Amino acid sequence: MTQAAVLVLLGVFWTQTSALETFVLQEPSNAYVTGTMTIHNEKNFAEVHVNSGVYSSDTIFDYSHGYIATRLFSRNACFILKIDKEYIPELQELGRLAFERKTMKAVYSPNNVWAQFQSGHSVFGKIKDWFLYGKPIEQLCSGLPLYQLVKTEPLLKGHGCASAGIPSILGLNICEKVE
């Protein structure tokens, strides 16, 4: 118990003082899903690369602009979600969870966010969009169709949903809205 408390405190202080920290993360239930998360504390964003074959994704958590963007390689598109602190942890919390995951292999925080998009309602980013979403998201999504995500409750029939986010820390389930 004492060791765990010390590790948690070290994790909090480490992520606050380190300008750039990279974590290698693995989904506990699937050895083929691995990811890296780099936290840019000075620029207030995190980038996540998930390697899962055809289902790979890249995600930017831009806390300065208040948006998350996920590029799903299987769909060749970007999906944008407004950060809501009710269900998306703060940047320092992401770092703390990743540090705990790295040091104490048994820790598993499977927070999941479900979001939907409307097929056929995409746009290509314009200058005003990139001002709103920020440079890191522009670099991730430029030239791809952008879909606006809306948070939803977990779907009973989640077939056709894509998984992204941060392995073992924050799952992001992206589903097409069915009329």
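Structural data are supplied above this passage.
Residues numbered from 1 in each chain as written. Predicted model: local features only at pLDDT ≥ 70, side-chain atom pairs only at ≥ 80, totals over all residues. Heavy atoms only, no water.

**A short note on the side chain of D62**
Mapped onto the secondary structure, D62 falls in strand 4 (residues 57–62). Buried and without a salt bridge, D62 has K82 as its closest oppositely charged side chain, separated by 10 Å. In terms of polar contacts, D62 uses its side chain to reach the backbone amide nitrogen of S64, at 3.1 Å. Polar side-chain contacts of D62 include one of 3.1 Å to the side chain of H65. For D62, the residues in contact, after removing those within four places along its chain, are N44, F45, Y67, I83, Y133, G134, P136 and I137. (Helix = DSSP H or I, 4+ residues; strand = E, 2+ residues; numbered from the N terminus. Buried < 20%, exposed > 50% of the residue type's maximum accessible area, 1.4 Å probe, protein only. Lys, Arg positive; Asp, Glu negative; His and termini not counted. Salt bridge = Lys/Arg side-chain N within 4 Å of Asp/Glu carboxyl O. Polar contact = N/O pair within 3.5 Å; in protein donor to acceptor, adjacent residues only side chain to side chain. Contact = heavy atoms within 4.5 Å.)

**As for empty space enclosed by the protein**
All told, the structure shown has one cavity of 30 Å³ or more when counted by the stated rule. Roughly 30 Å³ of volume is contained in the largest cavity. Here the lining of the largest cavity takes three residues from strand 12 (residues 170–176), the largest share from any one element. The class makeup of the residues in the lining of the largest cavity is six nonpolar, two polar and no charged. (1 Å grid on protein atoms, 1.4 Å probe; cavity = no way out; pocket = protein on both sides within 12 Å on 5 of 7 lines; lining within 4 Å. Points joined across faces, edges and corners; volume = space filled by probe spheres on them. Nonpolar A, V, L, I, M, F, W, Y, C, P; charged D, E, K, R; others polar.)

**What about the state of the cysteines?**
Scanning the model with the defined rule gives two disulfides in all. The side chain of C161 participates in a disulfide bridge whose partner is C175; the two sulfur atoms lie 2.0 Å from each other. Taking the sign of the S-S torsion, about 110° here, the bridge from C161 to C175 comes out right-handed. Here C161 is found in the loop between strand 10 (150–152) and strand 11 (162–166), whereas its partner C175 is found in strand 12, with 14 residues between them in sequence. We classify C161 as partly exposed; its relative accessible area is 23%. Overall, the relative accessible area of 1% leaves C175 in the buried class. In the protein chain, numbering the disulfide-bonded cysteines from first to last in sequence yields the connectivity 1-2, 3-4. (Disulfide = S-S within 2.5 Å.)

**Comments concerning the packing of aromatic side chains**
According to the stated counting rule, one finds four aromatic pairs in the structure shown. With 5.3 Å between their ring centres and 15° between their planes, F79 and Y147 make a pair best called stacked. With F79 in strand 6 (residues 77–82) and Y147 in strand 9 (residues 145–148), this residue pair connects regions lying 68 residues apart in the sequence. A relative accessible area of 14% means that Y147 is categorised as buried. Chaining the aromatic ring pairs together yields one cluster made of F79, F117 and Y147. The cationic tip of K82 hangs over the ring face of Y67; the distance from NZ or CZ to the ring centre is 4.7 Å. Across from the ring centre of Y87, 4.9 Å away, lies the NZ or CZ of K151, which sits over that ring. (Phe/Tyr/Trp six-rings, centres within 6.5 Å; stacked < 30°, edge-to-face > 60°. Lys NZ or Arg CZ within 6 Å of the ring centre and 35° of its normal.)

Geometry only, nothing functional implied.
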